[in-house]
Amino acid sequence: MARRFPLAGLLRLRHAEQDRAAAALATANERVRDAADARIAARRSLADVEGTQPIQDAATLSAVAAARAATRGMLEELDAVVRSRRSDADQAQDSYNGARRSALGLEKLEAQHVEQQTAEDLRTEQNALDEIAARRRAEGGAR
């Protein structure tokens, strides 16, 4: 009878940690995409402001300048958000890689355990077959 892998509980824990790290990584990557999308939208907004109709008075010029300055400020803030979220995503990737490495080591041990148990089971079965064959030979020779 094959013995159960003695570290099965720890392997389940490592897989759970890996799943949590994968979820955190997916969330971090989604936040990076959201920030990048917001940045693209802000760039489009800046392009729209720059492509407005001709300026005919000082009030319009002041309004366009204020809009450009506000949009550029927003772009700078979004750049900082993208960098921050990219850093968070990199940390999440590192956490996932570490969790995967921990699980992988145990998975290799489990595969080795299964291989050893299979070999032991096959040896036991072969010994039983050899014993049966030896008995039949002995019974056949005794007649």
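Reading guide: rules and limits
- Residues numbered from 1 in each chain as written.
- Predicted model: local features only at pLDDT ≥ 70, side-chain atom pairs only at ≥ 80, totals over all residues.
- Heavy atoms only, no water.
- Helix = DSSP H or I, 4+ residues; strand = E, 2+ residues; numbered from the N terminus.
- Rg over C-alpha atoms; globule rule 2.2 N^0.38 Å.
- Contact = heavy atoms within 4.5 Å.
- Areas by Shrake-Rupley, 256 points an atom, 1.4 Å probe, with all protein chains shown as cover.
- Salt bridge = Lys/Arg side-chain N within 4 Å of Asp/Glu carboxyl O.
- Buried < 20%, exposed > 50% of the residue type's maximum accessible area, 1.4 Å probe, protein only.
- Patch = residues over 30% accessible without salt bridge, like charges linked within 9 Å, V, L, I, M, F, W, Y side chains within 5 Å.
- Core = buried A, V, L, I, M, F, W, Y, C linked by side-chain atoms within 4.5 Å.

Caption draft 1: Region of interest: the overall build of the chain. The secondary structure content of the chain amounts to two helices and zero strands. Relative to a compact globule of 143 residues, whose C-alpha radius of gyration would be 15 Å, the chain shows 34 Å and is clearly more extended. Expressed along its principal axes, the backbone C-alpha trace of the chain runs to roughly 125 × 25 × 15 Å. Sequence-distant contacts, at least 24 apart, represent 84% of the contacts inside the chain between residues at least 6 apart. In the structure as shown, the chain presents an accessible area of about 10400 Å², 52% of it carried by carbon and sulfur atoms.

Caption draft 2: Region of interest: the pattern of salt bridges. Using the criterion set out here, one finds five salt bridges in the structure. Note that Arg14 is salt-bridged to Glu17, the shortest N-O span being 3.2 Å. With Arg14 and Glu17 both in helix H1 (residues 8-50) and three residues apart, this pair spans about one turn of that helix. A residue is classified by how much of its surface remains accessible, and Arg14, at 23% relative accessible area, is partly exposed.

Caption draft 3: Broad picture of the side chain of His113. Within the fold, His113 resides in helix H2 (residues 58-142). Residues within four places of His113 in sequence aside, it is in contact with Arg3, Arg4, Phe5 and Pro6.

Caption draft 4: Summary view of the environment of Leu10. Relative to the assigned elements, Leu10 resides in helix H1. C-alpha separation for the pair Leu10 and Leu106, spaced 96 residues apart in sequence, amounts to 8.2 Å.

Caption draft 5: View of a nonpolar patch on the surface. There is a patch of nonpolar side chains on the surface, built from Leu7, Leu10, Leu13 and Leu109 and spanning about 290 Å² of accessible area. Relative to the helices and strands, Leu7 resides in the segment before H1.

Caption draft 6: Layout of the nonpolar core. With five residues, the main nonpolar core is built from Leu25, Ala28, Val32, Ala89 and Ala92. The set of elements that each furnish at least two residues to this core consists of H1 and H2. The dominant element in this core, judged by the number of residues it contributes, is H1, at three residues.

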